[in-house]
Amino acid sequence: MTGTEARSGSQARGAEDPQPQAVLPLRILIVDDSPEDTETYLHFLRHWPGREVHAQATALGEDALDALQRGTPDVILLDYQLPDMTGLEFLNEARPDCAVIMLTGVGDEQVAVQAIRAGAQDYLVKGRLNADLLRQALLRALNTHGMARELRRSQARTAAILNSITDGFVALDETGQVMELNGTAEILLGTTLNALRRAPPPWHGNPDFTAAIERARHSAEMTTAELRLPEQDRWLHARLYPSRTGLIMYLYDVTARREAEQREQRHSRRMQGLYNAAATLNTVRERQDVLTAIVQVSQALVRSPLVILATPDAAGDWLLTGQDGPVEALTALPGAAALQAGLQQAVQPEQIGSCGDGWTTLTLTRPRGTAGQPGSAASADDLTGNLLGVLAFQPPQDAEHSDDTRTLLLTLAQMLSHALTRSALYEADREHRRTLEARVQARTAALERSNRELEQFAYVASHDLKEPLRTISSFTQLLQNRYGPQLDDRARRYIDFTVAGAQRMSTLIEDVLAVSRLNTQPSIPTLTDLNTLVGHVTAQLQALIDETGGQVQVGTLPRLMVDATQFTQLFQNLIGNALKFRRPDQPPVVQVQAHASEDGWIFTVTDNGIGIEPEYHDRVFVIFQRLHTRDHYAGNGIGLALCRKIVEGRGGTIWLSQPAAGGTAVQFSVPHRAGDTRPA
């Protein structure tokens, strides 16, 4: 093996040497078992003007393989016949990434062809070799290998780019003629490059797409467009890029997206239609209005101008409703015979049926045990007697037969069934309310008549009882006055009991008459100054006030539209009770006040008396209910009951409360009426 040599040439570059003066050293591996030939090659290389050469020589192919493992030279001068292998075997095994010149002692064209096929760039015959021929061959081999390597790299880059493109690629020239087409584009367009050169492209008849092409050309900017291919039922999205030679088009399939968008749009339209239908059906109540509305909303949802709603009547006949109201005869409709047969077969577990002549039926039912479950299976027996109606329509020719359409029809059937059920319930409820109102009116009239009779009886009875009671009282007192001294103590005590009982009975009758008059005598409200009215009441109670040492303090009261007689009784009872139920150790103090509220006036009569426990606050307003015996406090337990009747007759309420300082506060409300005035 010979070591490397380096030499820089100083002579002018020969005409055969196109290389510049400043070049990198040329690394050459000489593989030849002839020392003489090797020395000849080295001699030619040492004296190469303007070229620095580093040469390494080896006589065996195995040694050359080892040298390639350590580094790749620029050129290999390879002898065709080596001791351990041929030059072709060396090339097949080594496959060096550098220029190779095959050297042989004989000029055999077959050997030359084999060498070139094995990867050599040139083939030289040793006997014809000189310095210029070797140098020129080296330069050609280097240039050829460099161009081949760059070509391989460019092809690899192009192949990688094309392999990475999953879109369809179409190249158009300036006239719009298709010049290039990749495999993906052929699949997407359903055609080939040769076919496109003979016939117009698929977008030829699409004005929007051709306009997008022209727009991209003239604007020199990327433009997008979508192309519909009806024959293939496919949508393509295109990105159009202007180029120097015409236009580049990238295509990809968006059929799934467009179909999803169309389904979503169709679903949105149907949902909006169902929403509008529900809103329409919720606004109608009358039976015929509901039937007409069902036909009208169904026309919009099923896109059919001919929709008929058949509902069974009590006799089992069909009542027909069209978009304009009742339909007189079934025979006036197209396909009447088929429709008649379809109505007879409508009572079946399947809700959606077809009866010929283009008619589709939708059974509207209320199955037993499955109410509110759309699409639930039900037997024919379940449907019998629960049939609400049958919706018949003729679908348009472009009607879609899909699961979405079936779902729409079943949802529509559920909605219409609810509307018919709601209409039937509304009719039944209205009839029931009419019956109840008639009963209530009859019972109210009977009750009013009974109350009038009862009040009249109470008034007459009380009035008639006064005469015999007066006789009893008069003769008992006469007996007491005339024969009192002749009677013993027991007899006089019995006479006292009789007189006292007659007096209590007279008071009780007067109270009953007072209550009775509230119902039998009409109330005539007048504008009354309650300050003046309470002043009169206080004057009437002056004897009781003086007897008890009490005080009655009256605040500013309003002027209201009231029955003055009744309100006089009201304040007499309230102030009188406040004075009567006093504490034994202190004089009574009664306060009468009023303040305005949102809807009227609130009156309060407060005292410092014995008070009333909270559990008796409701009981004291019941007629004849007493909390104390007559030995402690006189009375019949009718005063507060009379007060409640007066207040409620004016539209107000009355109640009790307990002041923090003790005693009792009676409060009552009086609603506003026209004519009321506030205090100044």
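Structure first, text after, so check above.
Residue numbers run consecutively from 1 along every chain, following the written order of its sequence. Note on the predicted model: pLDDT of at least 70 is required for a residue's local features to be given, and 80 or more for side-chain atom pairs to be given and counted; whole-chain, interface and lining totals, by contrast, use all residues. Think of the side-chain values as coming from all heavy atoms in the structure, minus any hydrogens and water.

## Digging into the pairing of strand E8 (residues 223-229)
Part 1 of the argument: Each residue is assigned to one of three classes by its accessible area relative to the maximum for its type, calculated with a 1.4 Å probe on protein chains only: buried under 20%, partly exposed between the two thresholds, exposed over 50%. Where helices and strands are cited, they refer to DSSP runs of H or I of at least four residues and of E of at least two residues respectively, numbered from the N terminus. Residue alternation in E8 divides its side chains into a buried set, Thr223, Ala225, Leu227 and Leu229, and an unburied set, Thr224, Glu226 and Arg228.
Part 2 of the argument: By definition, two strands form a pair when at least two bridges between them are found by DSSP. Two strands pair when backbone bridges link them, and E8 and strand E9 (residues 234-242) are joined in this way by seven bridges, in the antiparallel orientation. The partner of Arg228 across the bridge, within E9, is Trp235.

## So, the nonpolar core
Part 1 of the argument: Here, the term nonpolar core denotes a set of buried Ala, Val, Leu, Ile, Met, Phe, Trp, Tyr and Cys residues that are joined through side-chain atoms within 4.5 Å. By size, the foremost hydrophobic cluster in this structure holds 36 residues, and its most contacted members are Phe567, Phe571, Ile575, Phe603 and Phe668.
Part 2 of the argument: Listed by contribution, the elements that provide at least two residues to this core are helix H15 (530-540), strand E19 (559-562), helix H17 (564-580), strand E20 (589-596), strand E21 (600-607), helix H18 (639-649), strand E22 (654-657) and strand E23 (664-671).
Part 3 of the argument: The greatest single-element share of this core, amounting to seven residues, is contributed by H17.
Part 4 of the argument: Two residues form a contact once any of their heavy atoms are found within 4.5 Å. Those residues in contact with Ile575 that sit more than four places away from it in its chain are Val534, Val537, Leu541, Val552 and Val592.

## With respect to the environment of Ala336
Part 1 of the argument: With respect to the secondary-structure elements, Ala336 resides in helix H11 (residues 336-344).
Part 2 of the argument: By relative accessible area, which is 16% here, Ala336 ends up buried.
Part 3 of the argument: Taking the C-alpha atoms as reference, Ala336 lies 9.6 Å from Trp359; in sequence the two are 23 residues apart.

## Regarding a negative patch on the surface
Part 1 of the argument: Two joining distances apply to patches: 9 Å for like charges and 5 Å for nonpolar side chains (Val, Leu, Ile, Met, Phe, Trp, Tyr), and every residue must have over 30% relative accessible area and no salt bridge. Here the open area of atoms and residues is found with the Shrake-Rupley method and a 1.4 Å probe, where only the protein chains shown may cover a residue. Each reported salt bridge corresponds to a side-chain nitrogen of Lys or Arg within 4 Å of a carboxyl oxygen of Asp or Glu. Residues counted as positive are Lys and Arg, residues counted as negative are Asp and Glu, and His and the chain ends are not counted. For charged residues, the charge sits on one atom: NZ in Lys, CZ in Arg, CG in Asp, CD in Glu. Taken together, the side chains of Glu62, Asp66, Asp84, Glu89 and Glu93 make up a negatively charged region of the molecular surface.
Part 2 of the argument: Breaking the negative patch down by element, the ones donating at least two residues are helix H2 (61-70) and helix H3 (87-94).
Part 3 of the argument: Structurally, the position occupied by Asp84 is in the loop between strand E3 (75-79) and H3.

## Comments concerning the pattern of salt bridges
Part 1 of the argument: One pass over the full model with this rule turns up 20 salt bridges.
Part 2 of the argument: Across the salt bridge formed by Asp253 and Arg234, the nearest N and O atoms sit 3.4 Å from each other. With Asp253 in strand E10 (residues 246-253) and Arg234 in strand E9, the pair connects residues that are 19 residues apart, well separated along the chain.
Part 3 of the argument: Its relative accessible area of 38% is what places Asp253 among the partly exposed residues.
Part 4 of the argument: Residue Arg650 is joined to Asp676 by a salt bridge in which the shortest nitrogen-to-oxygen separation is 3.6 Å. One end of the pair, Arg650, is in the loop between H18 and E22; the other, Asp676, is in the segment after E23, and 26 residues separate them in sequence. No difference in accessibility class separates Arg650 from Asp676, as the two residues are buried.
Part 5 of the argument: Among the charged side chains, a salt-bridge network with shared partners connects Asp32, Asp37, Asp79 and Lys126.

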